[in-house]
Amino acid sequence: MVNLVLLGAPGAGKGTQAKMLCEEYRIVHISTGDILRENVKKKTQLGYKAKEYMDRGELVPDGVLIGIIRDRLLKSDTGKGFLLDGYPRTVVQAEALQEILSEINKDLDVVIDIEVPDDELIERLAGRRMCRCGASYHMVFNPPKVNGICDICGDKLYHRDDDTQAAVKTRLAAYYKQTHPLIDYYSKKGLVRPVSGSGGIEDIFQQIKTVINMIME
Ligand code: ADP
Ligand code: ADP
Ligand code: ZN
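If you're wondering where the values come from, they're calculated on a predicted model, not measured in any experiment.

> I tried to follow the packing of aromatic side chains on my own but got confused; where do I start?
Two aromatic rings, taken as a pair, are described by how far apart their centres are and by the angle between their planes. Applying the stated criterion across every chain, the model contains two aromatic pairs. Centroid distance Tyr 175 to Tyr 176: 5.0 Å. Interplanar angle 75°. Geometry classified as edge-to-face. Relative to Tyr 186, the ring of Tyr 185 lies with its centre 5.0 Å away and its plane at 80°, an arrangement referred to as edge-to-face. Each of the two residues, Tyr 185 as well as Tyr 186, counts as buried. Of note, Arg 56 hangs over the ring of Tyr 53, and the distance from its end group to the ring centre comes to 5.6 Å. Seen from the ring of Tyr 158, Arg 132 lies directly overhead, with NZ or CZ sitting 4.1 Å from the centre.

> Quick question: what am I supposed to make of the site of ligand 2 here?
Neighbouring ligand 2 are 19 residues, the closest being Thr 32, Arg 37, Glu 58, Arg 89 and Arg 171. In this structure, a nitrogen atom belonging to ligand 2 sits 2.8 Å away from a side-chain N or O atom of Thr 32. The separation between an oxygen atom of ligand 2 and a polar side-chain atom of Arg 160 is 3.1 Å. For ligand 2, whose free accessible area comes to 550 Å², the fraction covered by protein is 97%.

> Please clarify how a nonpolar patch on the surface should be interpreted in this entry.
Among the surface-exposed residues, Met 139, Val 140 and Phe 141 lie close enough to one another that they form a single nonpolar patch of about 330 Å² accessible area. Along the chain, Met 139 falls in the loop between strand 6 (136-138) and helix 7 (165-179).

Rules used in this analysis
Residues numbered from 1 in each chain as written. Chains lettered and ligands numbered in written order. Predicted model: local features only at pLDDT ≥ 70, side-chain atom pairs only at ≥ 80, totals over all residues. Heavy atoms only, no water. Phe/Tyr/Trp six-rings, centres within 6.5 Å; stacked < 30°, edge-to-face > 60°. Buried < 20%, exposed > 50% of the residue type's maximum accessible area, 1.4 Å probe, protein only. Lys NZ or Arg CZ within 6 Å of the ring centre and 35° of its normal. Near = heavy atom within 4 Å. Polar contact = N/O pair within 3.5 Å; in protein donor to acceptor, adjacent residues only side chain to side chain. Areas by Shrake-Rupley, 256 points an atom, 1.4 Å probe, with all protein chains shown as cover. Patch = residues over 30% accessible without salt bridge, like charges linked within 9 Å, V, L, I, M, F, W, Y side chains within 5 Å. Salt bridge = Lys/Arg side-chain N within 4 Å of Asp/Glu carboxyl O. Helix = DSSP H or I, 4+ residues; strand = E, 2+ residues; numbered from the N terminus.

Spelled out as C-alpha cells, the structure:
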C-alpha cells in the first residue's frame, strides 16, 4: 500500500502515469482536474464557480479545493492507498492536506516530481486529446488506436477548453509561481523523488515504479 502525490507542470504526464500506476498498485486515483471537469459537465454549483478560473488557466481558489479533497479522502476506498494527481497545487493546499491526513491517521509516503522542459510541455498540451473517462492521448506522441476514439471506453475524444495557447501560458505561469514552491516544501520533509518526464511513456513508468518499490521495501 502506498500514498503518493504526483507533482509536475501542466502536460508533464501526471494523468497518463497516474492511470498506469493506479492499475499497477491497485490504489485510488484522485485527480482534482477530473473532479472539477465532472462538475462543470454536470453543471453543479461547484462546476459553475470553477469554470471561469479553469478556462482562464488560473487556479481555482484554495478553499474550494480543500473541500473537494477532504470529501474525497474521507471515503473508505482510500484505505487501500491513493495517488493524488493535481493536488496540492499551493502551499496552503499542502498544509490543509497534512491536517486532513493526520485526522484520518494517514501519511504521505512519497512525492514524485515529474520534470519536463517548457517547450515540450507546450507541444504536449497543444496536441492533447482527452476522454471523459480521464484517459489522455496525444495526436502524435500517444495516438488512440482509432482516430478520435478512446481505446479504453470507446467514447469520443475532445480538446480541453483550457488547452489553448493563452490558457496554457497562464497555467505555466501559475505552476511556477504557486506550485513549484511545493518541491522545496516537500524536499524539507524528505519526501521528494525527482523523475525525468522526457522520453517514452513506458520508460518513465518503469522509473517511477522503481522509486515506489524502493520506498515500499
Ligand atoms: P498532465 O496530467 O500532467 O497535465 P497528461 O498525462 O495529460 O499530463 O499528458 C499531457 C499530454 O502529453 C497528453 O497529450 C499525453 O498523451 C502526452 N504525454 C504524456 N506523457 C508523454 C511522454 N512521455 N511523451 C510524450 N507525450 C506524453
Ligand atoms: P493539468 O494537469 O493539465 O494542469 P488539471 O486537469 O490538473 O490540468 O487541472 C485543470 C484545471 O483545474 C487547472 O488549470 C485549475 O484551474 C483547476 N485545478 C485542478 N486542480 C486544482 C488545484 N489543486 N487547485 C486549484 N485549481 C485546480
Ligand atoms: Zn475513455
